[in-house]
Amino acid sequence: MEKTIRTAIFGTGFMGRVHLEALRRLQFVEVVAIAGRNIEAARRLGSGFSIVKGTADFRDILSDPAIDAIHICTPNALHFLMAKAALEGGKHVLCEKPLATRVAEAEELVALAEREGLFNCVCHNLRYYPMVQQMRRMREAGELGEILAVQGTYFQDWLLHETDWNWRVEAEAGGPSRCMADIGSHWFDMAEHVTGLRVNSLSADLQTFYKTRKRPKHSSETFSSKLSGTDMLGINLLGTKDYLDTPVDTEDYGGVIFSMGERTHGSMSVSQVAAGRKNRLSIEISGTRASVGWNQERPDELWIGRRDAANQLLLKDPPLLKPEARAYADLPGGHSEGYDDTFKQVFRRFYASISGAPISAAGGVHDFPTFVDGLRQLKIVSAALESNRTRSWVDVSEN
Ligand SMILES: NC(=O)c1ccc[n+]([C@@H]2O[C@H](COP(=O)([O-])OP(=O)(O)OC[C@H]3O[C@@H](n4cnc5c(N)ncnc54)[C@H](O)[C@@H]3O)[C@@H](O)[C@H]2O)c1
């Protein structure tokens, strides 16, 4: 029987809750403590799950020798500090993306995790939708041929109005890039994971449409501005006295053209101000033998395009998937597998690696994104910021 791994969560917002619920679906992991910005928030999240230890100081948890691993689900600017302290405290670390706000910080974390010999993971969970794995395994089997073009979007609308606010808007909490780091990093992680190719140079155009936003005097959780501050037309329901006009130093939108080698090129755009798009991560990969297209808002469907035969719309059904992709589908066809399930797939592999537990051979115990992948995404984001600043193409260095 595997040893139970005792873990703790830092952050009690959107991701804190999602991680907690996904961890409760694993057999040999126990969540024993939560750190929040204040003790009430930590206890409130923990109470529904019978988690007794809640603290306002994450260091209390790091000094507890009974805790083996930490999940970091706090705003981006805290990731480096918390991950570094956790590794120095001998804990395995699963950190939300982006791994840090700067390349140098991510490099330090990669080196530290390696030196300490600790397991580390960055939460690029979107790779683990079954149909994304199907695209990857089709490419590996040569069914796409040589890849010529990769294109897509990651569009959201939750920051469309000038009254929409979140900590991500301010570089001090979210880092110097918003859209590219927040959602573009998921897109590029998927593009590189599925194609097996690396972005080696890019040209980016980043735009901040709202130079100032109306910051609520009370704090708000991710996506919650859509429920509270404004009506459907963006009209302020709370009265102007509840807001502070605040300058915005991060981008609402980004467009990138890029190269992944001599003959593979691509384009993508990200936006958090695209009306009607909720979490539309779409990706289309065009090869010399076939194309594949997938959209996160319809995750169980994979479009397969062919020139000399009929196109297909493949619905997720485990027996119809490649065996290696099947390992990421836990439910029969017709029962959709969505966003929540991708966290379970990542965490299962991360914790199986820590405990040495077997997992289905096709799924691969060590198949989860590590700090090296987090560093990789920071290099792409950093190149996009530099390209936008200099209005030129910028090379993306290898890790
Ligand atoms: N993988 C994904 O699909 C995904 C989706 C959303 C967010 N994220 C990432 O997750 C992280 C958190 O984002 P979110 O959307 O949950 O934000 P959120 O604002 O909903 O939650 C952040 C939480 O951190 C807490 N916090 C702030 N300072 C703290 C401190 N010193 N100690 C403990 N807790 C503290 C806040 O009180 C809040 O509860 C971000 O890095 C974000 O990029 C990832």
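Since the model is a prediction, treat every value here as computed from it, not as a measurement.

## Quick word on the domain arrangement of the protein
When cut into domains, the protein gives domain 1 (5–125) and domain 2 (129–334 + 369–390). Computed over C-alpha atoms, the centres of domain 1 and domain 2 are 24 Å apart. Contact residues are listed per partner, giving 20 residues for domain 1 and 25 residues for domain 2. Those elements giving two or more residues to the side of domain 1 that touches domain 2 turn out to be helix 5 (103–116) and strand 6 (120–122). Considering each element in turn, the side of domain 1 that touches domain 2 owes the most residues, 6 residues, to helix 5. In terms of residue class, the side of domain 1 that touches domain 2 is made up of 13 nonpolar, 5 polar and 2 charged.

## Some remarks on the site of the ligand
As a structural note, the neighbourhood of the ligand is formed by 25 residues, with Gly11, Gly13, Met15, Glu96 and Thr222 the closest of them. Two domains each provide a minimum of three residues to the shell around the ligand, namely domain 1 (5–125) and domain 2 (129–334 + 369–390).

## Here's the deal with the sheet that holds strand 1 (residues 5–10)
Where strands meet in a sheet, backbone hydrogen bonds hold them as pairs that are either parallel or antiparallel. What the 6 strands build is an open sheet, ordered 3-2-1-4-5-6; its pairing is parallel. Of all the strands in the sheet, the pair left with one neighbour each is strand 3 (53–55) and strand 6. Neighbouring strand axes in the sheet, compared pairwise and without regard to direction, differ in orientation by 20° on average. Relative to strand 4 (residues 69–72), strand 1 runs parallel, the two sharing 4 bridges. If you follow Ile9 over to strand 4, its bridge partner there is His71.

## So, the pairing of strand 5 (residues 92–95)
Where burial is concerned, the two faces of strand 5 agree: the one with His92 and Leu94 and the one with Val93 and Cys95 are both buried. Note that strand 4 and strand 5 share 4 bridges and pair parallel. Across the sheet, residue Ile72 finds its bridge partner in strand 5, namely Cys95. Each parallel crossover has a hand, and the one from strand 4 via helix 4 (residues 79–88) to strand 5 is right-handed. The pairing of strand 5 with strand 6 spans 3 bridges and is classified as parallel. Each residue of the ladder has a partner; that of Leu94, found in strand 6, is Cys121. Where the polypeptide runs from strand 5 across helix 5 and back to strand 6, its parallel neighbour, the crossover connection is right-handed.

## Brief notes about the environment of Leu302
Within the fold, Leu302 resides in strand 15 (residues 301–305). When the 24 C-beta atoms within 10 Å are taken as the criterion, Leu302 is described as buried. On a C-alpha basis, the gap between Leu302 and Leu314 in space is 5.1 Å, while along the polypeptide they are 12 residues apart. Discounting residues that sit within four places of it in the chain, Leu302 has contacts with Met131, Gln134, Met135, Val292, Trp294 and Leu314.

## Details of the environment of Leu99
Mapping Leu99 onto the fold places it in the loop between strand 5 and helix 5. Sequence spacing of Leu99 and Leu78 is 21 residues, and the spatial spacing of their C-alpha atoms is 9.7 Å. Aside from chain neighbours lying at most four places away, what touches Leu99 is His79, Ala106, Leu109, Val122, Phe371, Gly374, Leu375 and Leu378.

## Considerations on helix 5
With 14 residues, helix 5 extends 20 Å between its outermost C-alpha atoms, agreeing within 8% with the 20 Å of an ideal straight helix rising 1.5 Å per residue. Turning to helix 5, its buried residues number three or more, namely Glu105, Ala106, Leu109, Val110 and Ala113. On an axial view of helix 5, the arc spanned by its buried residues comes to 140°, and they lie on one face. Among the exposed residues of helix 5, those oriented more than 90 degrees off its buried face are Ala104, Ala111 and Arg115. Lining the buried residues of helix 5 we find helix 4, strand 6 and helix 11 (371–390). Just downstream of helix 5, Gly117 is the residue with a positive phi angle, here 65°.

Rules of the game
Residues numbered from 1 in each chain as written. Predicted model: local features only at pLDDT ≥ 70, side-chain atom pairs only at ≥ 80, totals over all residues. Domains from an automatic or database assignment. Contact = placed C-beta atoms within 7 Å. Helix = DSSP H or I, 4+ residues; strand = E, 2+ residues; numbered from the N terminus. Nonpolar A, V, L, I, M, F, W, Y, C, P; charged D, E, K, R; others polar. Near = placed C-beta within 6 Å. Pairing = 2+ DSSP bridges. Axes fitted to C-alpha atoms, helices over the stretch in contact; angles between N-to-C directions. Buried ≥ 20, exposed ≤ 12 C-beta atoms within 10 Å, placed from the backbone. Right-handed = clockwise from strand over helix to strand, strands pointing away. Expected span 1.5 Å × (residues − 1). Arc of directions from axis to C-beta.

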